[in-house]
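If you want the building blocks of each chain, they are given just below.
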Amino acid sequence: MKIKKTLLISAPATKVWETLYTNYADSCDWASTVNESKEREVAGSEYMGRTCSTVFGDVSEIIDKADEEKMELQYHLDDTPFIMKAANANWKVKPLSVNTSEVTMDLDVTLATLPGLLMGWMIKPKMRKDLNQTLEDLKYYIETGKQSEAKIKSDKKYFKKKGNKAA
């Protein structure tokens, strides 16, 4: 499943890049699909990775390439939830003016065979919806400095559920 989305953000490209790359490990600050995230070292790589608790399950990612001058970021999931076999993401930030940026997310997800066959009709639309929301979350966070309503609601639900499991 390939998904490519482009979004305009009313902010300098450097601010968008800072959120996506410089603060890579902090995606839980703005993405409603990521409730917890943290940086992790990757042996033999010049780049870092991150682990995330997401609406799809826990994932682990490794940056493959980052070009700070072109503001391009590429990473893959090296530990995926049971519904996924593999996933790769490419992000590009392009300045359009001093205070306007274009962000493109290009995602390629391969669903695991059994979940894909049995639940693909349900999983694919949910993924598309959640990824659209993630881009809207990014836009809102960068333009306002605040979390979106979807992010606040997602975290509230996640941490309530997590708290109940710990009890």
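Residues numbered from 1 in each chain as written. Predicted model: local features only at pLDDT ≥ 70, side-chain atom pairs only at ≥ 80, totals over all residues. Heavy atoms only, no water.

K.L.:
Describe in detail unusual backbone geometry, supporting the description with residues and values.
P.N.:
Phi angles above zero are rare outside glycine, and Met 71 is one such case at about 55°. Mapped onto the secondary structure, Met 71 falls in the loop between β4 (57-67) and β5 (72-79). For Met 71, a relative accessible area of 10% gives the class buried. (Helix = DSSP H or I, 4+ residues; strand = E, 2+ residues; numbered from the N terminus. Buried < 20%, exposed > 50% of the residue type's maximum accessible area, 1.4 Å probe, protein only.)

K.L.:
Any chance you could break down a negative patch on the surface for me, citing the residues and the numbers?
P.N.:
A surface patch of like charges, here negative, comprises Asp 26, Asp 29, Glu 39 and Glu 41. Residue position: Asp 29 is located in the loop between α1 (13-22) and β2 (34-40). (Patch = residues over 30% accessible without salt bridge, like charges linked within 9 Å, V, L, I, M, F, W, Y side chains within 5 Å. Areas by Shrake-Rupley, 256 points an atom, 1.4 Å probe, with all protein chains shown as cover. Salt bridge = Lys/Arg side-chain N within 4 Å of Asp/Glu carboxyl O. Lys, Arg positive; Asp, Glu negative; His and termini not counted. Charge placed at Lys NZ, Arg CZ, Asp CG, Glu CD.)

K.L.:
Describe the nonpolar core, naming the residues involved and giving the relevant values.
P.N.:
By size, the foremost hydrophobic cluster in this structure holds 39 residues, and its most contacted members are Ile 9, Leu 20, Ile 63, Leu 73, Trp 91, Val 109 and Leu 138. Where this core is concerned, the elements lending two or more residues are β1 (2-9), α1, β4, β5, β6 (84-97), β7 (100-111) and α2 (113-144). (Core = buried A, V, L, I, M, F, W, Y, C linked by side-chain atoms within 4.5 Å.)

K.L.:
Describe the sheet that holds β5, naming the residues involved and giving the relevant values.
P.N.:
The antiparallel open sheet is built from seven strands, whose spatial order is β1-β7-β6-β5-β4-β3-β2. Whereas interior strands pair on both sides, the edge strands pair on one side only; in this sheet they are β1 and β2. The sheet shows a mean angle of 20° between the axes of neighbouring strands, direction not considered. Across six bridges, the pairing between strand β3 (residues 49-54) and β4 is antiparallel. (Pairing = 2+ DSSP bridges. Axes fitted to C-alpha atoms, helices over the stretch in contact; angles between N-to-C directions.)

K.L.:
Got a sec to walk through the pairing of β7? Specific residues and values, please.
P.N.:
Here β1 pairs with β7 via eight bridges, running antiparallel. Residue Lys 2 lies in a different strand from β7, and its bridge partner there is Asp 108. Sheet topology note: the β6/β7 ladder contains twelve bridges and is antiparallel. Across the sheet, the residue bridging to Ala 89 is Leu 107, located in β7.

K.L.:
So what's going on with the environment of Asp 26? Which residues, and what values?
P.N.:
Structurally, the position occupied by Asp 26 is in the loop between α1 and β2. When the C-alpha atoms of Asp 26 and Lys 38 are compared, they prove to be 6.6 Å apart, with twelve residues separating the residues in sequence.

K.L.:
Just give me the short version of a positive patch on the surface, but keep the residues and values in it.
P.N.:
A contiguous patch of positive charge, built from Lys 4, Lys 65, Lys 70 and Lys 92, is present on the exposed surface. The topology assignment puts Lys 70 in the loop between β4 and β5. Assessed through its relative accessible area of 53%, Lys 70 is described here as exposed.

K.L.:
Kindly report on the pattern of salt bridges, identifying the contributing residues and their values.
P.N.:
Overall, the coordinates contain five salt bridges when judged by the stated rule. Across the pair Asp 78 and Arg 40 runs a salt bridge, and its minimum N-O distance is 2.7 Å. With Asp 78 in strand β5 and Arg 40 in strand β2, this pair connects stretches of sequence that are 38 residues apart. By relative accessible area, Asp 78 is classed as partly exposed at 40%. Ionic pairing is found between Lys 151 and Asp 155, a salt bridge with its closest N-O pair at 2.9 Å. Taken together, the positions of Lys 151 and Asp 155, both in helix α3 (residues 149-166) and four residues apart, correspond to about one turn of that helix. Accessibility assignment for this pair places Lys 151 and Asp 155 in one class, buried.

Take it as geometry only, folks, not as evidence of what the structure does.
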